[in-house]
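These are the residues of each chain, in order.
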Amino acid sequence: MIRINTIIDELLSYWPQADIDLIQKAYIFSAKVHEGQVRLSGEAYLSHPLEVAWILTQMKLDQVTIAAGLLHDTIEDTLATAKIIEEKFGPEILHIVNGVTKISAIHFQNQEERQAENIRKMILAMSDDIRVILVKLADRLHNMRTLGFQTPEKQTSIAQETLDIYAPISARLGMHRIQTELEDLCLYYLEPAAYQTIKEGVARKREERERYIREVKALIQEKMDSVHLKCRVEGRPKHFYSIYKKMINQNLDISQLYDLIAFRVIVKELSECYEALGHIHSLWKPISGKFNDYISLPKTNHYQSLHTKVIGPFGERIEIQIRTEEMHRTAEEGIASHWQYKEGQPLNETDAKKFRWVRQLLESQQVQDPKEFLESVRIDLFPDEVYVFTPQGEVKILPKESTPIDFAYAVHTEVGHHCSGARVNKKMVPLRTTLQHGDVVEIITSSAHWPSKDWLKIVKTSKAKNRIRQWLKIEERKRSIDIGKDLLEKELRKHQLSVSQSMKSDALLRIAQELSFQKIEDLLAGVGFGEISVRQVVNRMLPKEEGEEKQEEEPLTFATRRPPKEKGGVLIRGIQDVMTRFAKCCTPLPGDEVVGFITRGRGITVHARFCPQVALEDQERMIEVQWDVSEKTRTFYPVKIEIWSNDKKGMLAEVSTAITSGEANILKADAVTTTDKKAFYQFLIEVVDTHHLQSVINNLKRIKGVINVTRSFEKNI
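Residues numbered from 1 in each chain as written. Predicted model: local features only at pLDDT ≥ 70, side-chain atom pairs only at ≥ 80, totals over all residues. Heavy atoms only, no water.

## Focus: the nonpolar core
Core analysis: the largest hydrophobic core is formed by 70 residues, its most contacted members being Ile93 and Met144. Considering each element in turn, this core owes the most residues, 8 residues, to helix H9 (residues 131–145). Apart from the residues lying within four places of it in its own chain, the contact partners of Met144 are Ile158, Ala159, Thr162, Leu182, Leu185, Cys186 and Tyr189. (Core = buried A, V, L, I, M, F, W, Y, C linked by side-chain atoms within 4.5 Å. Buried < 20%, exposed > 50% of the residue type's maximum accessible area, 1.4 Å probe, protein only. Helix = DSSP H or I, 4+ residues; strand = E, 2+ residues; numbered from the N terminus. Contact = heavy atoms within 4.5 Å.)

## Some words on the sheet that holds strand S9 (residues 419–424)
Here we have 3 strands laid out as an open sheet, ordered S10-S9-S11, and antiparallel in their pairing. Two strands lie at the open edges of the sheet, namely strand S10 (427–429) and strand S11 (441–445), each paired on one side alone. When the angles between neighbouring strand axes are averaged without regard to direction, this sheet yields 35°. As paired strands, S9 and S10 are joined by 3 bridges and run antiparallel to one another. Within the sheet, the bridge partner assigned to Val424 lies in S10 and is Lys427. Of the strands in this sheet, S9, S10 and S11 are in contact with helix H21 (residues 404–411), which crosses S11 at around 80°. (Pairing = 2+ DSSP bridges. Axes fitted to C-alpha atoms, helices over the stretch in contact; angles between N-to-C directions.)

## Some remarks on the sheet that holds strand S19 (residues 637–646)
Read across the sheet, 4 strands follow the order S20-S21-S19-S22 without closing on themselves; strand pairing throughout is antiparallel. Strands with a single pairing partner mark the edges of an open sheet, and in this sheet they are strand S20 (665–673) and strand S22 (706–712). Each strand axis lies, on average, 20° off the axis of its neighbour in the sheet, ignoring direction. Relative to strand S21 (residues 678–687), S19 runs antiparallel, the two being bridged by 10 bridges.

## Describing the packing of aromatic side chains
Taken as a whole and judged by the stated rule, the model has 12 aromatic pairs. Arranged with centres 5.5 Å apart and planes meeting at 80°, the rings of Trp627 and Tyr637 form a pair that is edge-to-face. Note that Trp627 is positioned in strand S18 (residues 625–627) and Tyr637 in strand S19, a separation of 10 residues in sequence. Classification of Tyr637 as buried rests on a relative accessible area of 5%. Summarising the aromatic geometry, the rings of Trp644 and Phe680 are spaced 4.8 Å apart at their centres and angled 40° between planes, so their arrangement reads as tilted. Placement of Trp644 in strand S19 and of Phe680 in strand S21 is noted, with a sequence separation of 36 residues between them. Ring-pair connections join several aromatic residues into one group, and the members of that group are Tyr188, Tyr189, Tyr195 and Phe240. (Phe/Tyr/Trp six-rings, centres within 6.5 Å; stacked < 30°, edge-to-face > 60°.)

What follows is the structure, encoded as structure tokens:
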């Protein structure tokens, strides 16, 4: 176990004026509240916060961050409270500890929702203090190093979350060392066979590789010395996860990969980077299309370097990176290399621009749906980017496969909303066109043009997705209010009343509040959307003798009212007086998992949950439905089946008899024969439920000559 004195010595080595009393105080408090707790490894729990604090000193972070690392689990895993932490260590340390602490006291519906809310909370905290995520990364790194003591299921879920969220965050922060170790550990647990293959493949050529590294380094150093360019040269094997990605992307075995080694030439001045590049290219032939200038166009995490690939000694392909010492520190440590921040000062405007993606994450957290939120976070985190330009030469950095619509929203939300077309490199292109590095994009706007739901299928950035969803939601509500108002107006006219009169007298507001709506607009939207019926509203406005149903009704809320029964054997949660219909694309049966969608003018359309059409429907109109198991009457439902058999005399009669003898009714039948003497039958039959259907299918399969019987989901028969 790492000792506190070792941590203090390391802190003093780069920050002699550090407040050691604060670190000692945090250590003693952490040891006291964690006393008696043991990790799965059998070690005292205190070993974990000590290891986290040690990792933070390796990042060369300030005393506040180190203290927060020692205290990061105290609120979550001990009896210590936020109030105690603030009293003893101040609001700054409390803010970091609170940001890292999981939301333990709240009940969530599922693991995805829990994960989304924990990440949402962390993003909110890190948006004004990036040290929150630095402590979390140190915490996650040590947990990954000791993941072997968890169950296989936990190993998989934690490693996958790390690969999806925390490794990309460390990449976005430019923290290469943390990123590569996290990725390699994830590979070890998620793809153990691939990890072992790469490990063995790398080990087999270890001596040969080390000799090759020495030779290439010597050749580069000799060349630079001959032109009096001072530098240092490093050579290293690529980390396992980058090798794994290359194997997958290129569909190659490790023995077929040649550029497993990367070399770095580190110089003093920026101008010397380009000078060194020229000397490298004079030494070995560069590979066409394999040069990237990340100095003139830095990555979003402010990574800067020249990357080139050349045909090196013995015909081997090698990658060479050229950068200054300052660029090298930023590349390895990322934001942790910024001393201004280590001294507790906020990021200045220049540094803030380097990490503006944190603000994009903050925008993502406004999305309520956990799946959509996690999707937005992953889009914002993954570092694959393209650099595109406005006609004025301004650079916009977008994810790979972004479209002109993404570009339009990157310029301004209103430009995105009114985007009607685009020119890429002065040529008109479709809005679904994929943008490439260096494209010059001009957006054509029209005041009469607005976002389409189809845009959600083609945009890549979370900003575009979120803005489009917000606009669609607002427009959907406007339309629902107009529809609700029209429906209510028509019904009120029958009783010599009007909506405007009711609004003036506050009658409509009173009724809205009785029905658990805050405003009249919410009530009208509910009527238009189908959440509540016109009759429920009107009956409350009429005198008792006119509104017979009034005394029978109570305020409709999901918590107090039993779901009413609807026609067709399904229960619709929270909605009355709405007709239901079964979708013809899947013809659901009792026993199938079902889901409903509110459709204007047609009530609730019920689909089987496995129906492909479900994914294409508006998810905001989805509503919970279930089969009415209390229904006493025997109800028959239509379903389509397909039968393949040998073509023989009397087969159609046998098939028909098997269906009817199973107490199923035939509504429609169609039969064709094929050239290879097979017969294909399609039947529309009526059955009670999935068990009844399976019984009929079993009867059919017993017929000699029947090859296959399946349930069909084709719309037409």
